[in-house]
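Take a look at the letters that make up each chain.
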Amino acid sequence: MQARCAILPLEHHRVDALGWSAQAQAALERGARLLTLWGKDASATQPGATSLYACWLQAHGLTLVQLDLAPDVTHYPGLHTGFPVAERLQRALRDLLGVQALGMDARPWLRHTAWPAQVHPLRRGAQLPQPPCGQAQAEHYAFVPVDGDGVHEVPVGPVHAGVIEPGQFRFSIVGEKILRLEERLGFTHKGVEKRFEGMTLQDGVRLAARLSGDSAVANAWAYCMACETLAGVQPPPRALALRALLLERERLANHLSDIGAIANDGGFGFALAQFGRLKEDMLRLNLRVFGARYPMDAVQPGGVGLDLDADAVAMLHNQGVLLGVEVLRLKDILDQHEGLQDRFRTTGRVEPDLAARLGMIGLAGRASGQALDLRTLPRFAPYAALGVEPAQAQEGDVGARVAVRFAEVFTALRLCGDVLSSLPEGGVRADWPQSVSAGLALGLVEGWRGPQCIALETDAQGRIARCHPHDPSWQNWPAIEWAVIGDIVPDFPLINKSFNLSYSGHDL
């Protein structure tokens with residue numbers, strides 16, 4: 001089957017192992033980013049077979065490369081030499097499917113004793129232990145040691161001091177200067193990809209919207225985009241406009257919250273209170289006009305599950321005007337706080353050349369000179385008509401990531417205003433066909449962290465055969481390990497918050 005994508009041209013190549021390596025080298029030479037890597041058990045057509053997929057993103061389109069491994073072949077050429085993000089993706093793929101990239105890191109990534117090492121959950125017929133998982137003992141995880149005079153280690157996590165998601169961070173330091181940071185994630189793995197198997201397309205959107213609560217709209221839209229491509233359905237213009245409104249309000253709520261939290265980690269608690277108040281105002285209005293503070297079920301295959309009357313449009317418009325005034329006033333206060341700006345400048349820096357080598361994307365990438373923003377694509381409705389100028393900076397430090405957030409807040413406010421002032425007439429949901437044939441499609445949406453991607457494959461009955469969600473945090477988590485080098489340990493919370501990457505969306 002030939003894969004498709006609604007907003008970008010997609011080249012789909014089926015190759016052997018040599019072709020896999022050749023395609024990877026060609027992608028590296030043309031400056032493409034590795035977007036995602038996934039696999040599936042292909043034993044339905046050939047017992048013991050496995051299919052692997054690597055997808056590269058460049059300005060002019062997507063390149064999807066498929067490698068079909070013969071039965072019982074468990075090794076394939078690694079991609080990590082040219083694309084650092086592939087290292088962890090390959091480890092996750094090994095944990096879930098049992099296939100090994102040549103030269104890869106042998107340590108587990110997603111498997112935290114929830115299932116035995118010889119069991120691979122995405123294999124057909126895999127026998128998974130029922131919780132509680134018996135007397136499983138935690139395995140020793142070999143963090144990379146750093147030796148030298150005066151070097152010592154500081155372990156942080158996975159349980160943290162706040163009500164936040166779990167992640168483990170191992171610092172190697174001299175005095176307070178950080179020499180090395182090594183992350184360990186996967187603690188929030190929930191078996192989402194396995195859960196998708198066999199679901200109907202209509203049911204799957206509820207799970208997609210709940211992959212990571214702060215990106216509900218982005219993930220639901222990416223999922224629905226893939227569904228609609230497979231079904232040959234075009235959402236009505238009004239539905240697309242409402243999706244954009246929902247997505248930009250999701251972006252606003254997260255950026256407002258993050259700016260306040262970053263300033264708080266820099267010692268300015270006033271900002272946390274003020275930006276938290278603005279976010280709360282947004283969530284309360286969401287509840288009033290969309291029926292939920294976090295409208296997880298608003299985006300549906302074929303359109304949206306809600307509409308706005310004139311009163312709701314007026315309330316949303318008025319709130320946007322007030323938010324613009326308040327945010328501008330608060331930005332001036334932060335900009336003039338010299339102590340805060342001193343904490344931001346040069347802290348947690350990722351220079352543009354390094355960001356390009358790491359394949360950084362999304363907000364964090366744009367703060368380090370990587371200009372990609374999917375909302376600028378000519379086929380991404382309704383953004384093509386609204387016009388989006390990507391916000392970016394070159395400094396790559398905490399201050400740059402805050403500056404990009406502020407710029408995106410003002411852009412999102414402008415986009416919301418434009419949508420509300422020119423909402424198309426008509427319905428909000430297209431008719432859905434009674435059946436959908438087997439196929440593979442990719443959905444891509446520029447969420448507030450960056451490109452949210454969902455690869456969706458249906459079987460002959462039109463049910464989900466494989467659904468692989470990908471969060472941009474995969475690309476950007478490794479960058480934090482570089483960003484902290486040379487900074488002091490007390491600056492880690494500030495640096496980490498300035499990225500604010502997803503655990504749940506990453507671990508699935």
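Here goes a summary of the coordinates provided. This structure is a prediction, so every number in the text was calculated from the model and none was measured. (Residues numbered from 1 in each chain as written. Predicted model: local features only at pLDDT ≥ 70, side-chain atom pairs only at ≥ 80, totals over all residues. Heavy atoms only, no water.)

As for the overall build of the protein chain
- In terms of helices and strands, the protein chain carries 16 helices and 15 strands.
- For the C-alpha atoms alone, the extent of the protein chain along its principal axes is close to 70 × 60 × 50 Å.
- A total of 508 residues make up the protein chain; the buried ones form 58% of that total.
- Relative to all contacts within the protein chain whose residues are 6 or more apart in sequence, the contacts with residues 24 or more apart total 68%.
- Accessible surface, the protein chain as shown: approximately 20100 Å² in total, 54% of it carbon and sulfur.
- Separation of charge centres in the protein chain, based on 47 positive and 55 negative side chains, amounts to 3 Å. (Helix = DSSP H or I, 4+ residues; strand = E, 2+ residues; numbered from the N terminus. Buried < 20%, exposed > 50% of the residue type's maximum accessible area, 1.4 Å probe, protein only. Contact = heavy atoms within 4.5 Å. Areas by Shrake-Rupley, 256 points an atom, 1.4 Å probe, with all protein chains shown as cover. Lys, Arg positive; Asp, Glu negative; His and termini not counted. Charge placed at Lys NZ, Arg CZ, Asp CG, Glu CD.)

Some points on the side chain of Ser 502
- Take Ser 502: it is sitting in the loop between helix H15 (492-499) and helix H16 (504-507).
- Ser 502 sits in the buried class, given a relative accessible area of 1%.
- When neighbours within four sequence positions are excluded, Ser 502 is seen to be in contact with Ser 212, Arg 449, Asp 471, Ser 473 and Trp 477.

Structural notes on the packing of helix H6 (residues 237-265) against helix H7 (residues 269-290)
- At their nearest, the axes of H6 and H7 sit 7 Å apart, and the two run at 160 degrees to each other. Classed by the angle they form, the pair H6 and H7 counts as roughly antiparallel. The way H6 lies across H7 gives a crossing that is left-handed. Note on element contacts: H7 touches H6 through Gly 269, Ala 271, Leu 272, Phe 275, Leu 278, Lys 279, Met 282, Leu 285, Asn 286 and Phe 290, opposite Leu 245, Leu 246, Arg 249, Leu 252, Ala 253, Leu 256, Ser 257, Ile 259, Gly 260, Ala 261, Ala 263 and Asn 264.
- Across the contact of H6 with H7, the residue classes break down as 15 nonpolar, five polar and two charged. (Axes fitted to C-alpha atoms, helices over the stretch in contact; angles between N-to-C directions. Parallel < 35°, antiparallel > 145°, perpendicular 65-115°, else oblique. Left-handed = near helix turned anticlockwise from the far one by under 90°. Nonpolar A, V, L, I, M, F, W, Y, C, P; charged D, E, K, R; others polar.)

A closer look at H15
- Counting buried positions over the eight residues of H15 gives six, a clear majority of the element.
- Buried within H15 are the following residues: Phe 492, Leu 494, Ile 495, Asn 496, Ser 498 and Phe 499.
- Among the residues trailing H15, Asn 500 stands out with phi positive, at a value near 45 degrees.

A look at the packing of aromatic side chains
- Here the structure, examined in full by the defined rule, presents 14 aromatic pairs.
- With centroids separated by 5.0 Å and ring planes inclined at 65 degrees, the aromatic side chains of Trp 477 and Tyr 503 adopt a geometry described as edge-to-face. Note that Trp 477 is positioned in helix H14 (residues 473-483) and Tyr 503 in the loop between H15 and H16, a separation of 26 residues in sequence.
- Every member of this aromatic cluster is reached through a ring pair, and the members are Phe 169, Phe 171, Trp 477, Phe 492 and Tyr 503.
- Its end group placed over the ring of Phe 406, Lys 331 keeps NZ or CZ at 5.8 Å from the ring centre. (Phe/Tyr/Trp six-rings, centres within 6.5 Å; stacked < 30°, edge-to-face > 60°. Lys NZ or Arg CZ within 6 Å of the ring centre and 35° of its normal.)

Some words on the packing of helix H8 (residues 310-335) against helix H13 (residues 398-421)
- Where H8 meets H13, the axes come as close as 10 Å, and the angle between the chain directions of the two elements is 160 degrees. Relative to H13, the element H8 is oriented roughly antiparallel. When you trace H8 past H13, the crossing you get is left-handed. Packed against H8, whose contacting residues are Val 313, Leu 316, His 317, Gly 320, Leu 323, Gly 324, Val 327, Leu 328, Lys 331 and Leu 334, the element H13 presents Phe 406, Val 409, Phe 410, Leu 413 and Leu 420 at the interface.
- Residues of the contact of H8 with H13, tallied by class, amount to eleven nonpolar, three polar and one charged.

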